[in-house]
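Here are the chains, one letter per residue:
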Amino acid sequence: MEAPSSTTLVVVGDETANAIHALEGFANVRAALLPDASDADVARWSSSSAAPFVVHDHDPLAHVAAAWVEFFDDLSTYGVLEFEIARALEAAGRHDLNVPDYYVVIHPESLPVTWKHWWLGVLASASPRRVIPWPAADASLAQLLRSLPVARAWPQVDAWLPSVAAAVPDRIGLG
């Protein structure tokens, strides 16, 4: 599967549907809610778009994120986290998983603490300017599309994803 030529944003948070619906009317945006789609289906859907911006709610790293949060919230085991990381690495190797260009985290202040550490700590440590906290799930998101921060591309998934198992909340980025 070839990488999409559009700039891809994954929107996460409690008001994801509102944020995506606010962008549906823009001619330069292909926006959709894809909660039940597979990673491969989303990768195909994204790469087939001719729109400059593709915006959706399907996080290709959702299983890794959930396993990390559950491990640190004492709801799961380290083995589950390792399994989800290995599974994501395999999917990336098959090109069935594409990390989006940007993650937009709606209302990060309202997220549970461990989820905040995932989005604004673990994930952002891999590419700080590619994870964007956003205060509203409304048409103002269109302003973000006009002024996305310039940043280096994400490192290859296999270069940083294995280390998330060792990323401890409250210690991320402290060396």
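What comes next is a walk through the structure. Every chain's residues receive numbers from 1 upward, in the order its sequence appears when written. Residue-level local features of this predicted model are given only where pLDDT is at least 70; pairs of side-chain atoms are given and counted only at 80 or more, and the full residue set underlies all totals for whole chains, interfaces and linings. Computation of side-chain values covers all heavy atoms of the structure but excludes hydrogens and water.

**Regarding the side chain of Arg 130**
Here's step 1: Starting at the N terminus, helices and strands are each numbered in turn, a helix being any DSSP run of H or I of at least four residues and a strand any DSSP run of E of at least two. As for its position among the elements, Arg 130 is in the loop between α5 (113-126) and β5 (131-134).
Here's step 2: For the buried Arg 130, no salt bridge is present, and the opposite-charge side chain at shortest range is Asp 101, 4.2 Å distant.
Here's step 3: Contacts are assigned to residue pairs that have any heavy atoms within 4.5 Å of one another. Aside from chain neighbours lying at most four places away, what touches Arg 130 is Asp 101, Tyr 102, Tyr 103, Ala 151, Arg 152, Ala 153 and Trp 154. Think of it in three bands: residues with accessible area under 20% of the maximum for their type are buried, residues over 50% are exposed, and the middle band is partly exposed, with areas taken using a 1.4 Å probe on protein chains only. Here Asp and Glu are counted as negative and Lys and Arg as positive; His is not counted, and neither are the chain ends. Any carboxyl oxygen of Asp or Glu that lies within 4 Å of a side-chain nitrogen of Lys or Arg is treated as forming a salt bridge with it.

**A closer look at the nonpolar core**
Here's step 1: The nonpolar core is taken to be a set of buried Ala, Val, Leu, Ile, Met, Phe, Trp, Tyr and Cys residues, with the residues joined through side-chain atoms within 4.5 Å. If you look at the biggest cluster of nonpolar residues, it comprises 32 residues, and the most contacted ones within it are Leu 61, Tyr 103, Trp 118, Leu 123 and Leu 161.
Here's step 2: Where this core is concerned, the elements lending two or more residues are β1 (7-12), α3 (62-72), α4 (78-93), β4 (102-106), α5 and α7 (157-160).
Here's step 3: Sorting elements by how many residues they give to this core places α5 first, with 6 residues.
Here's step 4: In terms of nonpolar packing, the next biggest core, distinct from the first, is built from 20 residues, Val 11, Ala 19, Ile 20 and Leu 141 among them.

**Structural notes on the sheet that holds β1**
Here's step 1: If you trace the 5 strands from one edge of the open sheet to the other, you get β2-β3-β1-β4-β5, paired in parallel fashion. The open sheet has two edge strands with one neighbour each: β2 (29-32) and β5. On average, each strand axis in the sheet is inclined to that of its neighbour by 20°, with strand direction left out of account.
Here's step 2: Two strands qualify as a pair provided that DSSP identifies no fewer than 2 bridges between them. Bridge count for β1 against strand β3 (residues 53-56) is 4 bridges, and the pairing is parallel. Residue pairing in the sheet places Val 10 in a bridge with His 56 of β3.
Here's step 3: Strands in contact with α5 are β1, β4 and β5; relative to β5, the strand with the most contacts, it is inclined by about 160°. Between the N-to-C directions of two axes lies an angle of 0 to 180 degrees, each axis being a line fitted to C-alpha atoms and, for a helix, fitted only over the stretch in contact.

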